[in-house]
Structures are given as structure tokens and as C-alpha cells.
Amino acid sequence: MWTLCVSLSLVPALVLLSSSRYRVSLTALCWRVLHRLLKSARRQVCVRSTHAFVFSNCTHGKPDSVLDTFDLYAETHPSLSLCPQEGEVLDEAVRRVAPRCVLELGTHCGYASIRILRLLPPGGRLLTVEQDAQSADLAEELILVAGFKHTQFQILNQPSAEAIPALSTHLGPKSRLDMILMDHDPQRYLPDLLLLERQGLLSPAGSVLLVCCPQGPQSLSPLLEHLGAQACSVRAQACSVRAQACSVRAQTCSVRAQACSVRAQAPGLLELNCHSDHHDGGEGS
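Residues numbered from 1 in each chain as written. Predicted model: local features only at pLDDT ≥ 70, side-chain atom pairs only at ≥ 80, totals over all residues. Heavy atoms only, no water.

Asks: Tell me what's going on with the overall build of the chain, and back it up with residues and numbers.
Replies: The helix and strand tally for the chain stands at ten helices and ten strands. When each of the 285 residues of the chain is scored for burial, the buried share is 48%. Within the chain, residue pairs in contact and separated by at least 24 positions form 67% of the contacts whose partners lie at least 6 positions apart. Of the accessible surface of the chain, which amounts to about 14000 Å², a share of 57% is contributed by carbon and sulfur atoms. (Helix = DSSP H or I, 4+ residues; strand = E, 2+ residues; numbered from the N terminus. Buried < 20%, exposed > 50% of the residue type's maximum accessible area, 1.4 Å probe, protein only. Contact = heavy atoms within 4.5 Å. Areas by Shrake-Rupley, 256 points an atom, 1.4 Å probe, with all protein chains shown as cover.)

Following this line, the structure appears as C-alpha cells:
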């Protein structure tokens, strides 16, 4: 309700600005603020609705039942969770890497967190970062409902730019991240990857999974440029990228720069495996 009130209060300002000499830039700024407010409101409604449905309809203590209930909800309602096909790709990556420590950026409702936790080896741990306090609280409750304990996961209610520099205090001495799932703001993918590199937190043989935004692979171009994807030749027969579907059909897309391979088996999910020799911590991507 408060968001609607704030949005309506901006309407007179937009009308006034339309006749001023600053109308172009200031009007655009107001519309951006309005869009963010409305987007935040829709997100909070989605998170609350998802939580209520899953909590009421799943079998508590059964991770697979919780995931199935998430998927059932997503069949008829807007959802922030990965689709089942993307979830299967995530499962395959977790089984293959067998990570001891996973970082998730963007907890949302806890769907991906539960998928990861149920496949971690004994002693494995998940650190998940969520900026929105309400989403963090509701996701934590669903993760506990699925049967996991606080010794297995920790939710950091901070922006990624604040959480990453403090990760070493949660990881322990000489510990590194074997897998990273980025499902937060795509504009933060490259800055956060660089920050993780500077902190020396990436395992040399680790894996980074990127959830593509609706705009498609173009939103990931700064990150791919950093990895040298545009400076190398990619075999056409091995890699087919659909711009709007964010679908990379290759099983393995060889990228020569920094010995980085780009993998993806589902629309909307891109996996990076980098084995750089000239970074201290390597690139766990």
C-alpha cells in the first residue's frame, strides 16, 4: 500500500516536470524510481504468496516434497524460482563438482538453496546472500521446513557488495568456494566476480552458474568479455546461442582465452568453468 501511495505522489511531479527544461532527464529519473518501487512491491507479493503456498502444501522435513510444491505453484503463478529444467542442470552441476562450499547470490524464496543443500556431500555448506530482509526470513523458514539445519547453511541479509568482502570470516582459514550460483542483479555479476577474485575466494577448478535475465545473453556480455569470450573463436558447430531464450545448446563451448569453457544445457542458465593460471586464487567460474 505504501508503495502505491508513493507512486501516486510522483504523478503531479511528473506532470509539472513535463513543462520544464529539465523534463527529459528528470522525468526519466522519476519513471525509473517508480519502476523500481513497483518491481519491489510485485517481488514482495510474489515471495509472500510462494511461501504461504509451499509452507501449507508441502510435507515438512522432505526436501523433494518442498521442491515439488514450488514447481506446482509455478505452474499457475508468477515465480522467482528456477524452472524444473534449470533445476535439473543445477543438480547435475552439484553432483559433478561435489562442492564442499557453495555461495548463492540471490536467495529469493529458497528454491535453489534447497536443491543445492540436498545434494551436498557430508560436511558441505551453503552460504546464500539475499539483500531483501523479508525474502531472507521467508526463505530461511522454508529451508528449515525442508529439514536442513543452520549448521548446513547461512543466509547473509546484505547486498552482495557488502557480503563478499566478509565471506572469509564465514568460510574459515584457507577455505575457498567450489561453486557459485549468481541469481541476483545481472548488473552485479561481473563486479561481484571481480570482487571474489580479489578476495582470493575462488577455487581453481570451481564452477559458476549464471541465471540469465529476460533480456538474454546481452546482459551477460560484460562478464563474457572479461573472460575473453569475444576475443576468442568459438566453434560454430559446438555452440548455438539464442538471443531471447538465452539458450546455449552446446554441451561444451570452448573458449581459448583464460582456458575458460562455457557450458549450458537449459534456457536461462549458463555455466562457466575457468581454469586460469595467472590468478592467485584461480577463477572459480
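Asks: Lay out unusual backbone geometry with the relevant residues and their values.
Replies: The residue A98 is not glycine, and still its phi comes out positive at about 50 degrees. If you trace the backbone, A98 turns up in the loop between helix 4 (84-97) and strand 1 (101-105). Among the residues examined, A98 registers a relative accessible area of 41% and is labelled partly exposed. Backbone geometry at H108 places phi at a positive 55 degrees, although glycine is not the residue there. The residue H108 is located in the loop between strand 1 and helix 5 (111-117) in this model. A residue is classified by how much of its surface remains accessible, and H108, at 13% relative accessible area, is buried.

Asks: Any details on the side chain of H51? Residues and values, ideally.
Replies: Relative to the elements of secondary structure, H51 occurs in helix 2 (residues 23-57). What H51 contacts, discounting residues up to four positions off in sequence, is L138, E141 and L142.

Asks: Break down the pattern of salt bridges for me, with residues and values.
Replies: Evaluation of the coordinates by the stated rule reveals six salt bridges. Across the salt bridge formed by D91 and R115, the nearest N and O atoms sit 2.5 Å from each other. Taken as a pair, D91 in helix 4 and R115 in helix 5 lie far apart in primary sequence, 24 residues in all. Relative accessible area serves as the criterion here: at 8%, R115 is assigned to the buried category. The salt bridge partner of R96 is E92, with a shortest N-O separation of 3.0 Å. Remark: E92 and R96 occur in helix 4; sequence separation between them is four residues, near one turn of the helix. Judged by relative accessible area, which is 36%, R96 ranks as partly exposed. Within this structure, D64, D91, R115 and R118 form a network of salt bridges that share partners. (Salt bridge = Lys/Arg side-chain N within 4 Å of Asp/Glu carboxyl O.)

Asks: So, the nonpolar core: which residues are in play, and what are the values?
Replies: Among the nonpolar cores identified, the biggest contains 62 residues, and L103, L167, L177 and L196 are the most heavily contacted of them. Top element by residues in this core is helix 6 (residues 133-145). It accounts for six residues. Those residues in contact with L103 that lie beyond four places of it in its chain are L127, V129, L167, L177, M179, I180, L181 and L196. (Core = buried A, V, L, I, M, F, W, Y, C linked by side-chain atoms within 4.5 Å.)

Asks: Tell me what's going on with the environment of G206, and back it up with residues and numbers.
Replies: Counting through the fold element by element, G206 comes out in strand 5 (residues 202-211). In sequence terms G206 and L272 are 66 residues apart; their C-alpha atoms lie 8.9 Å from each other.

Asks: Explain the confidence of the model for the chain to me, using residue names and the numbers behind them.
Replies: A residue-level look at the chain finds 63% of positions with pLDDT of 70 or above and a mean pLDDT of 76. The low-confidence segment residues 229-260, where pLDDT is below 50, has 76 contacts with residues more than four positions distant or belonging to other chains. Long-range and interchain partners of residues 276-285, a stretch whose pLDDT sits below 50, account for 35 contacts in this model, where long-range means more than four residues apart. (pLDDT = per-residue confidence, 0-100.)

Asks: Run through helix 4, naming residues and quoting values.
Replies: For helix 4, with 14 residues, the first-to-last C-alpha span of 20 Å sits near the 20 Å given by 1.5 Å per residue. Regarding helix 4, the residues found buried are E86, G87, V89, L90, D91, A93 and V94. The positive-phi residue at the C-terminal boundary of helix 4 is A98, with phi of around 50 degrees. (Expected span 1.5 Å × (residues − 1).)

Asks: Could you give an account of the pairing of strand 3 (residues 153-156), naming the residues involved and the relevant values?
Replies: Relative to strand 3, strand 2 (residues 125-129) is paired through four bridges, and the arrangement is parallel. What sits directly across from L127, in strand 3, is Q154. As for the winding sense of the linkage, the β-α-β connection from strand 2 through helix 6 to strand 3 is right-handed. (Pairing = 2+ DSSP bridges. Right-handed = clockwise from strand over helix to strand, strands pointing away.)

Asks: Can you explain helix 9 (residues 189-198)? Please cite residues and give values.
Replies: For helix 9, the tally of buried residues reaches seven of ten residues, placing the bulk of the element in the interior. Turning to helix 9, its buried residues are Y189, L190, D192, L193, L195, L196 and E197. Phi turns positive, to about 65 degrees, at G200, one or two residues after helix 9.

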